[in-house]
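Geometric and topological summary
One letter stands for each residue in the lines below.
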Amino acid sequence: MNEPSPRLLPETLSDYAPWPVARPHTARELARLLALLEGCGFRGGSVALGHGRDAASKDAAAAFADAWQRSGGQLAAVADWPEDAASWLRQARRLTRPEPDAWVVAAGAAGWVQMSRRLRHSTDWDPRRTFGFASAGDSRVVTAAGPGVLDGMRGATADGRLWTIRRGWVVESDAE
């Protein structure tokens, strides 16, 4: 029996409009994201890196990849995805097949909503082992993705604070 696609239709996504575009990452954001991964025990581990195809997301992903590898970490996979696609299944499998220690996401809000739904519905992806740049921590992303899809995901804000998704809420703090 075929499971229905987790893809949200454009008219459903428009309920959360206007969607913010991915903004360029900051040095504080990148530093905090790296510190967060280290603090969670992933230093030197393998990370699957996923990103949108917009310039800001590609730049953030490249900066993370360079910093992660310089710190001794390994990239298990790198996958990009469009804001709109038929299913995102190929990209979801590319991110999860190498069974990384953790995932890192740099993507615009609308594309990450769709990709996270595909990951959650079609793979063994775990949001509790997923870390993101500021754009992934938008409350509209959490609401549009649906109940439980992103719970446990963490990341860094542009000013270097932390965000965590708990029970459908994006909670920001200074402490790890």
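Residues numbered from 1 in each chain as written. Predicted model: local features only at pLDDT ≥ 70, side-chain atom pairs only at ≥ 80, totals over all residues. Heavy atoms only, no water.

Some details on the packing of aromatic side chains
Evaluation of the coordinates by the stated rule reveals 4 aromatic pairs. Look at Trp112 and Trp125: their rings are 5.9 Å apart centre to centre, the planes differ by 85°, and that puts the pair in the edge-to-face class. Residue Trp112 is located in helix α5 (residues 109-122), and its partner Trp125 is located in the loop between α5 and β4 (130-132); the two are separated by 13 residues in the primary sequence. Put simply, the rings of Trp81, Trp112 and Trp125 pair up and form one aromatic cluster. (Phe/Tyr/Trp six-rings, centres within 6.5 Å; stacked < 30°, edge-to-face > 60°. Helix = DSSP H or I, 4+ residues; strand = E, 2+ residues; numbered from the N terminus.)

Quick word on the sheet that holds strand β3 (residues 102-106)
The mixed open sheet is built from 7 strands, whose spatial order is β2-β1-β3-β4-β5-β6-β7. Every other strand in the sheet has two partners, leaving β2 (74-81) and β7 (169-173) as the edge strands with one partner each. The sheet shows a mean angle of 25° between the axes of neighbouring strands, taken without regard to direction. Taken together, the 2 bridges between β4 and strand β5 (residues 154-156) define a ladder with parallel strand orientation. The partner of Gly132 across the bridge, within β5, is Gly155. (Pairing = 2+ DSSP bridges. Axes fitted to C-alpha atoms, helices over the stretch in contact; angles between N-to-C directions.)

A look at the side chain of Ser46
Along the chain, Ser46 falls in strand β1 (residues 46-52). Its relative accessible area of 16% is what places Ser46 among the buried residues. (Buried < 20%, exposed > 50% of the residue type's maximum accessible area, 1.4 Å probe, protein only.)

What about the packing of helix α2 (residues 27-39) against helix α3 (residues 55-70)?
Where α2 meets α3, the closest approach of the two axes is 11 Å, and the angle between their N-to-C directions is 45°. The angle between the axes of α2 and α3 places the two elements in the oblique class. Of the two possible hands of crossing, α2 and α3 adopt the one that is right-handed. Packed against α2, whose contacting residues are Leu30, Leu33, Leu34 and Leu37, the element α3 presents Ala63, Phe64, Ala67 and Trp68 at the interface. Per-class residue counts for the contact of α2 with α3 are 8 nonpolar, no polar and no charged. (Parallel < 35°, antiparallel > 145°, perpendicular 65-115°, else oblique. Left-handed = near helix turned anticlockwise from the far one by under 90°. Contact = heavy atoms within 4.5 Å. Nonpolar A, V, L, I, M, F, W, Y, C, P; charged D, E, K, R; others polar.)

Describing the pattern of salt bridges
Inspection of every chain in the model, using the stated rule, returns 6 salt bridges. For Asp80, the salt bridge is made with Arg53, and the minimal N-O distance between the two is 3.4 Å. Of this pair, Asp80 sits in strand β2 while Arg53 is found in the loop between β1 and α3, placing the two residues 27 residues apart along the sequence. Close ionic contact of Glu172 with Arg161 constitutes a salt bridge, the shortest N to O distance being 3.6 Å. Residue Glu172 is found in strand β7, and its partner Arg161 is found in the loop between β5 and β6 (162-166); the two are separated by 11 residues along the sequence. Beyond isolated ion pairs, a larger network of salt bridges with shared partners links Arg161, Glu172 and Asp174. (Salt bridge = Lys/Arg side-chain N within 4 Å of Asp/Glu carboxyl O.)

Some remarks on α5
For α5, with 14 residues, the first-to-last C-alpha span of 20 Å sits near the 20 Å given by 1.5 Å per residue. With 11 of its 14 residues buried, α5 lies for the most part within the structure. All buried positions along α5 are accounted for by Ala109, Ala110, Gly111, Trp112, Val113, Gln114, Met115, Ser116, Arg117, Arg118 and Leu119. (Expected span 1.5 Å × (residues − 1).)

Considering unusual backbone geometry
Its identity is not glycine, yet Trp88 carries a phi of approximately 65°, on the positive side. You will see that Glu99, though not glycine, has its phi angle at about 50°, which is positive. Within the element layout of this structure, Glu99 appears in the loop between α4 (89-96) and β3. For Glu99, a relative accessible area of 66% translates into the label exposed.

A few points about the nonpolar core
Within the largest apolar cluster, 30 residues are counted, with the highest numbers of intra-cluster contacts made by Trp81, Trp112, Met115, Leu150 and Met153. Contributions of two or more residues to this core are made by β2, α4, β3, α5, α6 (139-145) and β6. Among the elements that make up this core, the one with the highest residue count is α5 (6 residues). When sequence neighbours within four positions are dropped, the list of residues in contact with Trp81 reads Gly50, His51, Gly52, Arg53, Trp88, Gln91, Leu95, Val105, Ala107, Gly111, Trp112 and Met115. Among the nonpolar cores identified, the runner-up in size contains 19 residues, and Val47, Leu49, Ala65 and Ala106 belong to it. (Core = buried A, V, L, I, M, F, W, Y, C linked by side-chain atoms within 4.5 Å.)

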